[in-house]
Structure formats: C-alpha cells, structure tokens
Amino acid sequence: MHMADALISPAIGASMYAVSAAAVAVSAAKIKKPDLSESKIPLMAVSGAMVFAAQMINFTIPATGSSGHIGGGILLAAMLGPYAGLLALAAVLIIQCLCFADGGLLALGCNIFNMGVIPCLLAYPLVFKTIAFRKNPVTASTVSEHSTGSAKQSKSAHFRITIASVIAVILALQIGAFGVVLETSASGIAELPLSSFIILMQPIHLAIGVVEGIVTAAILNFIYAARPEILTNAAFPHHSNAVIPGSDPGSSPSTQKKSMRPILIVLASATLITAIALSLLASANPDGLEWSIGKITGQTELDAEGRVFSLLSGIQERLSFMPDYDFKSGSGSGTSVAGIVGGALTFALAGAAGLCIHLFKRKRRTEA
Amino acid sequence: MIANRVHSIYALENLSGKDTVIHELDTRVKLILAFAFVIVTVSFNRYDILGLIPLVFYPAILIPLAELPAKILMSRFLIALPFCAFAGITNAILDRTPALTLGNFVVTLGVISCITIILKTFLCVMAVFLLIATTPFARLTRELLRLHVPTVFVLLIEMIYRYLGVLSSEAMSMSVAYKLRSVSSKGIKMKHMGSFVGQLAIRSFDRGERVYAAMTCRGYNQDQGQKRGDRSAVLFSGKNLRVRIPVGQLIGLVIVIAIFILLRIFEPLSMLG
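Think of each chain on its own: its residues are numbered from 1, step by step along the sequence as written. All chains are assigned letters beginning with A, and all ligands numbers beginning with 1, in the order in which they are written. Per-residue local features are limited, in this predicted model, to residues with pLDDT of at least 70; the limit for side-chain atom pairs, both in listing and counting, is 80 or more; totals at the level of whole chains, interfaces and linings are taken over all residues. Note that water and hydrogens are dropped before the side-chain values are worked out from all heavy atoms of the structure.

1. A word on the overall build of chain A
- Helix and strand counts for chain A come out as 14 helices and two strands.
- Think of it in three bands: with a 1.4 Å probe and only protein chains considered, a residue is buried below 20% of the maximum accessible area for its type, exposed above 50%, and partly exposed in between. Going through the 368 residues of chain A one by one, you find that 51% of them count as buried.
- Contacts are residue-level and defined by heavy atoms, with any inter-residue pair within 4.5 Å sufficient. Of all intrachain contacts in chain A linking residues separated by at least 6 positions in sequence, the fraction that spans at least 24 positions is 76%. Put simply, DSSP H or I for four residues or longer makes a helix, DSSP E for two residues or longer makes a strand, and each gets a number counted from the N terminus.

2. As for the confidence of the model for chain B
Residue and element names in this part refer to chain B.
- Mean pLDDT over chain B stands at 78; residues scoring 70 or higher make up 85%.
- A residue's pLDDT is the confidence the predictor assigns to it, expressed on a 0 to 100 scale. Contacts for the low-pLDDT stretch residues 224–239, under 50 throughout, to residues beyond four places or in other chains number 25 contacts.
- Model confidence for the complex: the whole-complex pTM is 0.74, and ipTM, which rates the interface, is 0.80.

3. Quick look at the domain arrangement of chain B
All names here are of chain B.
- On domain assignment, one finds that chain B holds domain 1 (2–135 + 244–272) and domain 2 (143–235).
- Of the residues lining the interface, nine residues belong to domain 1; the matching set on domain 2 comes to 10 residues.
- Counted as salt bridges are all cases of a side-chain nitrogen of Lys or Arg within 4 Å of a carboxyl oxygen of Asp or Glu. Where domain 1 meets domain 2, there are one salt bridge.
- Across the pair E143 and R28 runs a salt bridge, and its minimum N-O distance is 3.9 Å.
- Distance and chemistry together define a polar contact, namely a pair of N or O atoms within 3.5 Å, with one atom able to donate a hydrogen and the other to accept it when in protein, and with adjacent residues in sequence counting only for side-chain atoms on both sides. Joining domain 1 to domain 2, the criterion identifies one residue pair in polar contact (both at pLDDT 80 or more).
- The leading source of residues in the side of domain 1 that touches domain 2 is helix α1 (residues 2–9), at four residues.
- Polar here means any residue outside two lists: the nonpolar Ala, Val, Leu, Ile, Met, Phe, Trp, Tyr, Cys and Pro, and the charged Asp, Glu, Lys and Arg; Gly therefore counts as polar. Grouping the amino acids of the side of domain 1 that touches domain 2 by side-chain chemistry returns six nonpolar, one polar and two charged. Segmentation into domains, and thus their bounds, comes from an automatic or database assignment.

4. Structural notes on helix α8 (residues 109–134) of chain B
- Taking 1.5 Å as the rise per residue, α8 of chain B with 26 residues should run 38 Å; its terminal C-alpha atoms sit 37 Å apart, in good agreement.
- Burial within α8 of chain B is extensive, with 23 of its 26 residues counted as buried. Multiplying 1.5 Å by the helix residue count minus one yields the expected span of that helix.

5. Here's the deal with the pattern of salt bridges
Residues and elements named next belong to chain B.
- Per the stated rule, a full pass over the model turns up four salt bridges over all chains.
- Between D26 and R28 there is a salt bridge, with its nearest N and O atoms 3.1 Å apart.
- Judged by its relative accessible area of 19%, R28 falls in the buried class.
- Members of the salt-bridge network, linked through shared partners, are D26, R28, E143 and R146.

6. Structural notes on a nonpolar patch on the surface
- A surface patch of nonpolar side chains, about 340 Å² in accessible area, is lined by L200, I204 and I208 of chain A together with F86 of chain B.
- For the nonpolar patch, the element with the most residues is helix α9 (residues 194–226) of chain A, which contributes three residues. Surface patches are defined over residues having more than 30% relative accessible area and no salt bridge, joining like charges when they lie within 9 Å and nonpolar side chains (Val, Leu, Ile, Met, Phe, Trp, Tyr) when within 5 Å. Methods summary: accessible areas were calculated by the Shrake-Rupley approach with a probe of 1.4 Å, and residue burial reflects only the protein chains presented.

7. Re the nonpolar core
- The biggest cluster of nonpolar side chains holds 167 residues, and the ones touching the most others in it are M79, I95, L98 and F128 of chain A together with F153, L156 and I160 of chain B.
- At 16 residues, the largest contribution of residues to this core is made by helix α4 (residues 82–100) of chain A.
- Leaving out residues up to four positions away in the same chain, I95 of chain A has contacts with F52 and F100 of chain A together with F137, I157, I160, Y161 and L164 of chain B.
- Counting seven residues, the second-largest nonpolar core is a separate cluster that includes A4 and I189 of chain A together with C84 and I117 of chain B. Working definition of a nonpolar core: buried Ala, Val, Leu, Ile, Met, Phe, Trp, Tyr and Cys residues. They are joined through side-chain atoms within 4.5 Å.

8. Focus: unusual backbone geometry
Residue and element names in this part refer to chain B.
- A positive phi angle, near 55°, is found at E67, a position not held by glycine.
- Relative to the helices and strands, E67 resides in the loop between α6 (57–65) and α7 (70–94).
- Within the chain, H148 stands out as a residue other than glycine whose phi angle is a positive 65°.
- With respect to the helices, strands and loops of the structure, H148 is situated in the loop between α9 (137–146) and α10 (151–181).

9. Quick notes on the packing of aromatic side chains
Residues and elements named next belong to chain B.
- Planes of paired rings set the category: under 30 degrees apart is stacked, over 60 is edge-to-face and the rest tilted, where pairs are Phe, Tyr or Trp rings (Trp by its six-membered ring) whose centres lie within 6.5 Å. Scanning the entire structure with this criterion turns up eight aromatic pairs over all chains.
- With a centroid separation of 5.5 Å and 55° between ring planes, the pair formed by F37 and F260 is classed as tilted. Taken together, the positions of F37 in helix α4 (residues 27–43) and F260 in helix α13 (residues 247–266) put the pair 223 residues apart, joining distant regions of the chain.
- Overall, F260 belongs to the buried group, its relative accessible area being 5%.
- With a centroid separation of 5.7 Å and 65° between ring planes, the pair formed by Y58 and F260 is classed as edge-to-face. Of this pair, Y58 sits in helix α6 while F260 sits in helix α13, and the two are 202 residues apart along the sequence. There is no split in this pair, since Y58 and F260 are both buried.
- Through a chain of ring-to-ring contacts, three or more aromatic side chains come together here, namely F37, Y58 and F260.
- Distance and angle both matter: a charge sits over a ring if NZ of Lys or CZ of Arg is within 6 Å of the ring centre and within 35 degrees of the ring normal. Positioned above the aromatic ring of F44, the side-chain terminus of R264 is 4.6 Å from the ring centre.

Okay, here's the thing in structure tokens:
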C-alpha cells in the first residue's frame, strides 16, 4: 500500500504532508502530557521496530500461493494507544522511505495518512475500542479476573478482541485503499479510470484485510492472555493501574469526552482532504464546458488568439505543478525521431560524465 | 531472504561515513536538494519524457562524485520498481492513442507514459538514496529537530532505527528455529502467526523496559534536556544546533536549483523535437 513518488503530483504530496504533519504534531503533544509517562517512548520504539520486523516475515496466503505481510496500524494502536501508535507507525514509514525506498519522499504524507492516521486515529477509537471495550468484559477481566480464572469471562473478552480487530483492520484497509485511489487519481498520472481503480483496489485490500485482521486478532489475543494490562493501558491511559473489578472505566465521563476529540480532528482533516482532492480532480478533468467544446470542434481547447497569449499560456502550462490531465493534444505528442535521438544522446552523455568522474577519482586515489 | 534484509537495513548508512565532496555538504543543503529534485521530477507531465531525460545528469554526476557503488543503488531501485511498473504497464495497455511511428512500430501515448513513470521512479529513488547514503542518520534526525519536529517523534525515529537490527535478528532466529521444526513447509503457517508475532511483541516489550531502566540508570532525563533549551542533548549528541550553512554551499545550492527550474521551463530536448 506504499505509494511512490512517480504516481503523485506535487500538489497532492504537499497537501497530504500538511495533514499528516498536523496529525503527528497533535499526537506528539498528547504524548507529552504527564499522564502518558515518557517511559513509554522506548516501548513505542520497540513496538515500532517489531512491526517493521514482523513485516519482513512473509506468510503464505491460503489458496493463492502468494505471500503477504501485516500492516500493523491497528496492532500498534491497540498496544500503545492511538497517538503513540500513530507516532510509531509514522516513524516506521519514514525509515522505510529513506532506507528501502518503500514509498516515496514526496508521497510520505500520503503514506502516513493512509496507513497511520486512518487506522490509529479513525479505525481504532471508532471501531476497535467501541467493540472491544464497550461494556466492561475486557477491563473487568484484566488483572483480577484473569488471575482468579473466570474462564467464561476471558473467553468473551477474547471473542470481542477478535471481532474488534478483524472489523477494524478491514475497515482501516478499505478506507486506506480508497485514500490511495483518490490521491492517485487526483494526481492524474495513472491512466486507470477512477471506477476501475476502485474495483481493482478494494477487493484486493478486502482479502488482505481479512488475513491481516485474523493475524492481528491472534497477536492481540496472545498478548492479552500473557499481559492483559498492555491492551487496557493503551485504551485507557488514565486508569492504568487502578482497574477495580466490576467498575466501568470505559464509560466514565472523562474518557468519553477524551475519545471524542481525535474523532473530530480526523473528521475535520478527512473533510479537508476530500475537499482538496475533489477540487483538484475537478480542475484536472476537462470540465463540462471544455468537453462540449471538444465535441463541437474536435479539440479540447480553442485555438489561442495571438502570439502573446500563446506564449503566456505556454509558460503557465510549463510552470503549473499540477500536470494537466488532458495533455494529449499538447507538446507531449510532439515527440519525434529527433527527440528520441536527443534523449538517447543525453543518456549517453550523462553516463559518460559519470564514468569520467569515477575514473578521475580512481586515478587520484591510486596516485595518493 | 530475511537475513538479506537485516543486512540491507544499514547498508546504505554504512556508506555515509566516506569522505567526499558530497558527504561534506551541509545536511540542510542535501535535504533541500533532494526535495527540490523530487518536486521538479514529479512535476513533469506524464507524456513529457523528453523534459525528464536531462535530469538523469543529477544521479549520473552525484553518484560517482560521492563514490557510491552503483550496484547497491540499482538493486535497491528494483525493490521500489514493481508498483510503479504495474501502474505504468496499465497505462500502456489502456492508452492506445498512437503518438509516433518508428518504421513498423507504432509507439502509443500509453507506452510513453509507462516509460515516464519508470524514469520518474528511478530518479526519485536515486535522489532519496543519494541523501541517505551520504548523510549519517543522526545528522538527518538533528535536522528534523531544527525544523521543530517534536522531540518525542525524533527520538522515536532514532530509537526505532537502532532497534531494527536487534529485533530483526531476533525475528530471524525465531523463524530459523520455526523452520527447523517444520520441515517441507514454506514460511510460517497462518495459524502460528499469532503466537509467533505475539511472542516477538512480548520479547520487545520486555526489552524496551530493560533499555529504559538502563537509560535512566545512566542519567537520561528528557525533561532536563529540554529545560536547558538544549534540545540536542536529548539525542546524546554534542553539536550545536545553530550552525550557518557555508556561503559557498549556499550559492551552489541556488545555482543547482536554478538549473532545475530552467530545465523545467525550457526542456532543452523538446526544442529538438
């Protein structure tokens, strides 16, 4: 699901950078609060590295013969809490971008949003937390119930965790994949029409989501069985040590109020994204007027009037950072044999320049 | 496979210890250069292959100047290629508008945009690798601090980066142990995935707690560092945060960016065509 630089436009890249930077800044501010102790940072770091390492392990997807790996957004949020989870995942994505070219430098904002903000700040608080901790089975059966061995209670808690992680992961991947589709289409570089892109992306990510959801559930159940406090601390940092059997921290007024804020932030940023993406999409597609001109005259734009106008529009066209969606009638098709020869020569020249520098350096090194 | 990736994590950074013109550039100059190059590359139209080609000079000149082994960079490029190649080939299949004919071959616009996408991928990946292979990771994160990225986040990036090697080898030894006990099966079975990764998670948590205890024992205190206004103290690095970019490098940076912009506007090759 990592997006590459070659498929996005600078405008989309920059706006997604802004949104993701805001999400990271908000999360970092939340972590700084004294109630989220800083001893959590090493914990966040190891879990981030763990997700990175776990992504290296390919598992066989039954019946397809192909392999997949986990994404880890919901997993990190469930272990660390939404804000810390987002920070850890964003850090992982930055390292992957720099060291493996997994996802581009300019596309980093898109990737952090699709794979980090959506699962951690949207799917986790809205879906995972509500399903897994809605009443009190998980919290109540943590430390005390677990040790006294109420098998029935813990069974229902495991069931809840399983359902919660499968649904949350599937939802997060679906929205994330849709984000990829929107961002790519708005950039106007891939040829695939929006509808077929959606038809292609969503089912694939449904399949990946089911697998990742089951794996996430298995991991979280394992952690819950061994260290139940990790999951409950992540969900309710304010009640970290004081879980009274039978109490209901999930629905206490303070946590209820807290859990609304990330939702609002995410909704606001999602609205912003949609607005930007849609407006760019609209401006990139030939609009109704142009389309009708195209129908009448057989070309999408009326001929320019006068030299000055054509010069200006030429410069404007070249300077615009939004590659024009419909450029087929423009200079791009002016490619000719001379152009190809020129291109090949440039390649050769660049290679020769590089080789010269290399040889020169080696000569100097042997002399020294 | 896993062993290769573990080694490859730090392979690029290991190159950053060299002593060349490029390595000695100010980190900010290299960062701005990388971003400027990526933006210029990406801003080219999807059929504008001729405008894009002159940009090849950037990696072609900088890679030998920085004495980087082109082999490693190319093999890394292949990792990044598949997704873009997929999109490019889709373009080639969908867009069959003929653009020009070469003898008997008809080159379609789709093929042109496919080549453009692959070329763009190549250029962007090279720009990132040129940055990371000539700059120690600690210097990059210090730049992030200077850009007022939250300290917690920068610290997190540093620590994840350092933990990666440790945990990857831990995961690797676990997977070797698993494979030894399950002959003739490829990879890890789905039903064992939960306990496998869960085990890795619990080991990681324990390790994190031990590391934090060790850090505290050695006098680590993040708040102290911040109160003194010396944010770099957090990262255990002594260098001052306020160092000016040398004038010569600044002028060079401006000239290179000006060249980028000129190449973007005038596209010397399309004038040929």
